[in-house]
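Listed below are the residues making up each chain.
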Amino acid sequence: YWKDKIKSYYFFGFFEGETGQQAPWFLRPSITFPIAFAIVGAAFYVSLKFGAISERGAQVTDELDELITLQGVLRDGFMMAFLDVSDKITV
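Thresholds, definitions, all that
As a convention, each chain's residues are numbered from 1 in the sequence order in which they are written. Under the rules for a predicted model, residues below a pLDDT of 70 receive no local features and side-chain atom pairs below 80 are neither given nor counted, while totals for whole chains, interfaces and linings still include all residues. In computing side-chain properties, one takes all heavy atoms of the structure into account and sets aside hydrogens as well as water. pLDDT expresses how confident the predictor is about each individual residue, on a scale running from 0 to 100. What counts as a helix is a DSSP run of H or I of at least four residues, what counts as a strand is a run of E of at least two, and both are numbered from the N terminus. Patch building starts from residues that exceed 30% relative accessible area and form no salt bridge, then joins like charges within 9 Å and nonpolar side chains (Val, Leu, Ile, Met, Phe, Trp, Tyr) within 5 Å. Areas reported here follow the Shrake-Rupley algorithm with a probe of radius 1.4 Å; residue values treat only the protein chains shown as occluding. The salt bridge criterion pairs a side-chain nitrogen of Lys or Arg with a carboxyl oxygen of Asp or Glu, the two atoms within 4 Å. Every helix has an expected span of 1.5 Å times one less than the residues it contains. Counting rule for charge: Lys and Arg are taken as positive, Asp and Glu as negative, and neither His nor the chain ends is counted. Working definition for charges: the position is that of NZ of Lys, CZ of Arg, CG of Asp or CD of Glu. Using a 1.4 Å probe on the protein chains alone, a residue whose accessible area is under 20% of its type maximum counts as buried, one over 50% counts as exposed, and one in between counts as partly exposed.

S.K.: Would you take a moment to explain the confidence of the model for the chain for this structure?
M.R.: In low-pLDDT regions, the fine details of the predicted coordinates are not to be read closely. In this model, the chain carries an average pLDDT of 76, and 71% of its residues clear a pLDDT of 70 or more. By mean pLDDT, helix 1 (residues 2-8) is the weakest element of the chain at 72, and helix 2 (residues 29-49) is the strongest at 90.

If you want it as structure tokens, here you go:
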């Protein structure tokens, strides 16, 4: 009973009609999917070739990165100066 009921339902599909008719030749998945992959691949190649994708892993620094780096350098400098002075103090 439930198998017949499920078979009677129509599930939406891009490549077939509700009546079960076959799609036109230019809408068949065996044609459209390779064409779509070829177009995306060609667009990627053109983007890469003409410099639209140019960073290639280059690291970008901003003001916050410089501030954090400077803070670490200053802290290390103060620690070295303190250690240098504390070695010379005698009690």
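S.K.: What is the right way to read a nonpolar patch on the surface from this model?
M.R.: A cluster of nonpolar side chains, namely W25, F26 and L27, defines an oily patch on the protein surface of about 350 Å² accessible area. Along the chain, L27 turns up in the loop between helix 1 and helix 2.

S.K.: Whenever I open this one, helix 2 confuses me. Can you help?
M.R.: Within an α-helix, residues lying three or four positions from one another point in the same direction, as the helix has 3.6 residues per turn. Relative to the 30 Å expected for 21 residues at 1.5 Å per residue, helix 2 spans 30 Å between its end C-alpha atoms, a close match to the ideal helical length. Trailing helix 2 by a residue or two, G51 shows a phi angle of about 90 degrees, which is positive.

S.K.: Got a minute to help me understand a negative patch on the surface in this structure?
M.R.: Where like charges cluster on the molecular surface, the negative patch consists of D62, E63, D65 and E66. Take D65: it is sitting in helix 3 (residues 63-88).

S.K.: What's the story with the pattern of salt bridges in this structure? I'm lost.
M.R.: Pairing is possible between side chains that carry opposite charge, provided their charged atoms lie close to one another. The full count for this structure, using the stated rule, is 1 salt bridge. The salt bridge involving D76 is made with R75; its shortest N-O contact spans 3.7 Å. Under the relative-accessibility criterion, D76 is labelled partly exposed at 43%.

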